[in-house]
Amino acid sequence: TIPTKNKVRLLSWDRTELIHLLESDKSLRNSLKAALSWDIVRKLKLQRHMLTQNRVQNPAAWTRKREDQGISRYASILQNMLRHPDEVKNMSE
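Residues numbered from 1 in each chain as written. Predicted model: local features only at pLDDT ≥ 70, side-chain atom pairs only at ≥ 80, totals over all residues. Heavy atoms only, no water.

(A) Layout of the packing of helix α1 (residues 15-24) against helix α2 (residues 26-52). Relative to each other, α1 and α2 sit at 115°, their axes nearing to 5 Å. Taken together, the axis directions place α1 and α2 in an arrangement best described as roughly perpendicular. Contact with α1, carried on its side by L21, L22, E23 and S24, involves K26, L28, R29 and L32 of α2 and no other residues of that element. (Axes fitted to C-alpha atoms, helices over the stretch in contact; angles between N-to-C directions. Helix = DSSP H or I, 4+ residues; strand = E, 2+ residues; numbered from the N terminus. Parallel < 35°, antiparallel > 145°, perpendicular 65-115°, else oblique. Contact = heavy atoms within 4.5 Å.)

Right, dumping it as structure tokens:
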């Protein structure tokens, strides 16, 4: 458990079941993509705002940390793709 100041709602799915559901429901798939895209854009704007408002004490270290997190995320995505090559193939068809 991680304490937070704000209310948090955690949703989780079995990955395979979620992929099958998204494949069968185009509207749901588009809605999920839109929500994830909006969240990413919101976070990027917040990061830029923090930098422009000088709310970051060490911008170089902060940027390196963000880059490291990005690399870790992409490595995780690639690892998932390599573990499930059939699903990746189906996504491209």
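So much for the structure itself; the text now carries on.
(B) Highlighting the layout of surface pockets. Put simply, the largest pocket is a space of about 1600 Å³. Residue lining of the largest pocket: 31 residues in total, with L36, S37, I40, R73 and I77 positioned closest to the centre. Those elements giving two or more residues to the lining of the largest pocket turn out to be α1, α2, α3 (59-83) and α4 (85-92). No other element matches α2, which puts 13 residues into the lining of the largest pocket. (1 Å grid on protein atoms, 1.4 Å probe; cavity = no way out; pocket = protein on both sides within 12 Å on 5 of 7 lines; lining within 4 Å. Points joined across faces, edges and corners; volume = space filled by probe spheres on them.)

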